Amino acid sequence: MKIDEAVEKFIYEEEVVGGKSKMTIKSYKDDLMQFKNYINEYEGKDNIEEVDTMSIRSFLGFLNRCDISKRSINRKLSSIRGFYKYLTKFTLVSQNYAK
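Each value, and the rule that gives it
Residues numbered from 1 in each chain as written. Predicted model: local features only at pLDDT ≥ 70, side-chain atom pairs only at ≥ 80, totals over all residues. Heavy atoms only, no water. Helix = DSSP H or I, 4+ residues; strand = E, 2+ residues; numbered from the N terminus. Expected span 1.5 Å × (residues − 1). Buried < 20%, exposed > 50% of the residue type's maximum accessible area, 1.4 Å probe, protein only. Arc of directions from axis to C-beta. Core = buried A, V, L, I, M, F, W, Y, C linked by side-chain atoms within 4.5 Å. Contact = heavy atoms within 4.5 Å.

Enquirer: For helix H3 (residues 53-65), give the residues involved together with the corresponding values.
Expert: Spanning 13 residues, H3 covers 18 Å between terminal C-alpha atoms, matching the ideal 18 Å at 1.5 Å per step. All buried positions along H3 are accounted for by Ser 55, Ile 56, Phe 59, Leu 60 and Leu 63. One side of H3 holds all its buried residues, which, seen down the axis, span an arc of 135°. Among the exposed residues of H3, those pointing more than 90 degrees away from its buried face are Met 54, Arg 57 and Arg 65.

Enquirer: Please set out the nonpolar core residue by residue, giving values where relevant.
Expert: One finds Ile 48, Val 51, Ile 56, Ile 80, Phe 83, Tyr 84 and Leu 87 to be the most contacted residues of the largest nonpolar core, which totals 27 residues. Of all elements in the fold, only helix H1 (3-17), helix H2 (22-43), H3 and helix H4 (70-89) reach the threshold of two or more residues within this core. In contact with Ile 80, not counting residues within four places along its chain, are Leu 32, Phe 35, Ile 56, Phe 59 and Ala 98.

Enquirer: Go over H1 with me, naming the residues and quoting the values.
Expert: One turn of an α-helix holds 3.6 residues; hence residues three or four places apart share an orientation. Under the 1.5 Å per step criterion, the end-to-end length of H1 is 20 Å for 15 residues, consistent within 8% with the ideal 21 Å. Residues Ile 3, Ala 6, Val 7, Phe 10, Ile 11, Glu 13 and Glu 14 constitute the buried set of H1. Looking straight down H1, one finds its buried side chains confined to an arc of 160°; they lie on one side. Residues of H1 that are exposed and point more than 90 degrees away from the buried face comprise Glu 8, Tyr 12 and Val 17. Close packing links the buried residues of H1 with H2 and H4. A positive phi of about 65° marks Gly 19, the residue just after H1.

Read these as layout, nothing more, since geometry by itself doesn't imply function.
The structure is reproduced here in structure tokens:
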């Protein structure tokens, strides 16, 4: 499954089923699209099944090198963890790499 498609499914689930606020949804979307763009551009991966722990760590390292605040990095990591929790719950990936 393409990363974009997985993100869209997660956002829909959180917004419609989870009843998250518009600001929370916006934060999830922004964080996950930044993650997706990094994975596409720097890792050359397009499918969510290709993303692993090293990809996530690489993204976090990239954010750190870009002088993103620790607070923002932690929020982005929280978004990624929620995303992977959803992906494993619905067996869209075989393993939760964001634990």
